[in-house]
Amino acid sequence: MEYPGGHTGAVKVLVTGGSGLVGKAIQHVVKEDGQGREEEEWIFLSSKDANLMNMEETRAVFQKHKPTHVIHLAAMVGGLFKNMRVNLDFWRNNVFINDNVLQAAHEVGAVKVVSCLSTCIFPDKTTYPIDETMIHNGPPHQSNFGYSYAKRMIDVHNRACFQQYGHCYTAVIPTNVFGPHDNFSVEDGHVLPGLIHKTYLAQKEGKPLVVWGSGTPRRQFIYSLDLARLFLWVLREYNEVDPIILSVGEEEEVSIKEAAEAVVKSLDFQGEVLYDTSKSDGQFKKTASNIKLLRYLPNLTFTPFTQALKDTCDWFVANYDTARK
Ligand code: NAP
Ligand code: GFB
């Protein structure tokens with residue numbers, strides 16, 4: 001099986017951040033869905049295996065496994081409100097993790113690394129739809145500039161690594177992700193898991209659901225299992241250093257109000273829905289184009305949003321006691 005950099009034979013894929021929302025989805029697709037290949041060995045790391053902010057621990061785990069390929073997901077991650085609270089931590093922690101992982105991958109001779117950016121890192125003042133060429137065209141939204149600049153440095157690192165060593169180290173740019181094993185924390189998580197958790201509690205306590213902000217901002221959401229399948233394609237077939245947006249189409253963009261109404265419907269919530277406009281709306285929109293992806297995969301389809309959301313709500317209710325919240 002020919003891989004970038006002329007790699008043939010056995011493939012050992014090390015997934016950093018393998019215990020999170022996206023990592024668990026890749027585990028599901030590789031193991032339960034049988035999408036893994038005979039010549040591939042998959043290793044999924046959590047922070048218990050190594051604190052990747054520490055270079056000695058990072059080097060040790062890479063020396064231990066000597067991966068030929070890396071999917072780099074590990075990061076300090078959070079929703080709008082956590083980002084607004086601790087931008088400095090998001091900057092420092094993610095810069096440490098990213099530099100350690102990319103350097104350790106180089107030191108063990110990994111032929112490919114697929115890292116993870118986000119559609120929230122693009123310039124806040126921009127034309128739409130956003131595409132992959134715009135990453136560095138201006139400052140990101142003020143609410144998450146620490147995380148955004150740390151993520152943008154991955155792209156800088158990849159380009160420098162290609163120029164100096166010829167490595168195929170690349171990155172994907174997912175839009176907002178949701179699914180089983182998400183972080184359902186009301187304070188620190190993203191909007192969909194936060195609304196699922198809040199609706200579940202409102203239903204149990206007979207109280208109104210309070211949606212934060214005006215409900216007018218707009219988002220594109222990708223189901224974690226759809227994203228996981230795309231990660232396997234990028235690992236095996238995508239050979240550009242330039243990043244690629246992994247998102248549903250612009251036409252799938254919904255308002256926060258529509259997303260909240262979809263959560264209410266999925267959980268069959270009968271109570272009152274209120275909007276707390278004292279809370280920030282954050283970025284109004286970050287509409288991203290998936291044209292580059294569709295040029296590679298013209299027949300690509302995504303799980304319908306309402307189905308994916310229902311599956312996620314069902315998972316949360318069934319795993320309430322052990323879910324991250
Ligand atoms: P997540 O659920 O919060 O998982 C984060 C993962 O990183 C966990 O496995 C965690 O390990 C690991 N990690 C965090 N700090 C670490 C450290 N110091 N050392 C080692 N491992 C560490 O995040 P996610 O939503 O799956 O995000 C995965 C990637 O996708 C991230 O790079 C994120 O920036 C990107 N992304 C996410 C979204 C989204 O909407 N969720 C959107 C765009 C891009 P533990 O489980 O041990 O804590
Ligand atoms: O997913 P989220 O927290 O982050 O969504 P972003 C924030 C939007 O949802 C704002 C509204 O318009 C909020 O006012 N919202 C309504 C809520 N109710 C809630 C709720 O209960 N919880 C949350 N969290 N929001 C993030 C970036 O931006 O996107 C991160 O800050 C990351 O860095 C992530 O990249 C993918 O989509 O605004």
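Our subject in this report is the structure included herewith. (Residues numbered from 1 in each chain as written. Chains lettered and ligands numbered in written order. Predicted model: local features only at pLDDT ≥ 70, side-chain atom pairs only at ≥ 80, totals over all residues. Heavy atoms only, no water.)

## Details of the sheet that holds strand 2 (residues 40-44)
Then comes step 1: Strand order in this open sheet of six strands is 2-1-3-4-5-10, and the pairing throughout is parallel. The open sheet has two free edges, formed respectively by strand 2 and strand 10 (244-246), since each of these has just one partner strand. Mean inter-strand twist for the sheet, computed between neighbouring axes without regard to direction, equals 20°.
Then comes step 2: Taken together, the five bridges between strand 1 (residues 11-16) and strand 2 define a ladder with parallel strand orientation. Its bridge partner being in strand 2, Lys12 is matched across the sheet by Glu41.
Then comes step 3: Lying on the sheet, helix 1 (residues 21-32) is in contact with strand 2 and strand 3 (69-72); it crosses strand 2 at an angle near 150°.
Then comes step 4: Its contacts with the sheet put helix 7 (residues 224-237) on strand 1, strand 2, strand 3, strand 4 (112-116), strand 5 (168-174) and strand 10, and the angle it makes with strand 4 is roughly 150°. (Pairing = 2+ DSSP bridges. Helix = DSSP H or I, 4+ residues; strand = E, 2+ residues; numbered from the N terminus. Axes fitted to C-alpha atoms, helices over the stretch in contact; angles between N-to-C directions. Contact = heavy atoms within 4.5 Å.)

## Things to note about the site of ligand 1
Then comes step 1: For ligand 1, the set of nearby residues contains 28 residues, the closest of which are Ser19, Ser47, Leu73, Tyr147 and Arg324.
Then comes step 2: Here an oxygen atom of ligand 1 sits 2.6 Å away from a polar atom, N or O, in the side chain of Ser19.
Then comes step 3: Lys151 is positioned with one of its side-chain polar atoms (N or O) 2.8 Å from an oxygen atom of ligand 1.
Then comes step 4: Protein chains bury 87% of the 900 Å² of accessible surface belonging to ligand 1 in isolation.
Then comes step 5: Those elements that provide at least two residues to the shell around ligand 1 are helix 1, helix 5 (145-165) and strand 6 (176-178). (Near = heavy atom within 4 Å. Polar contact = N/O pair within 3.5 Å; in protein donor to acceptor, adjacent residues only side chain to side chain. Areas by Shrake-Rupley, 256 points an atom, 1.4 Å probe, with all protein chains shown as cover.)

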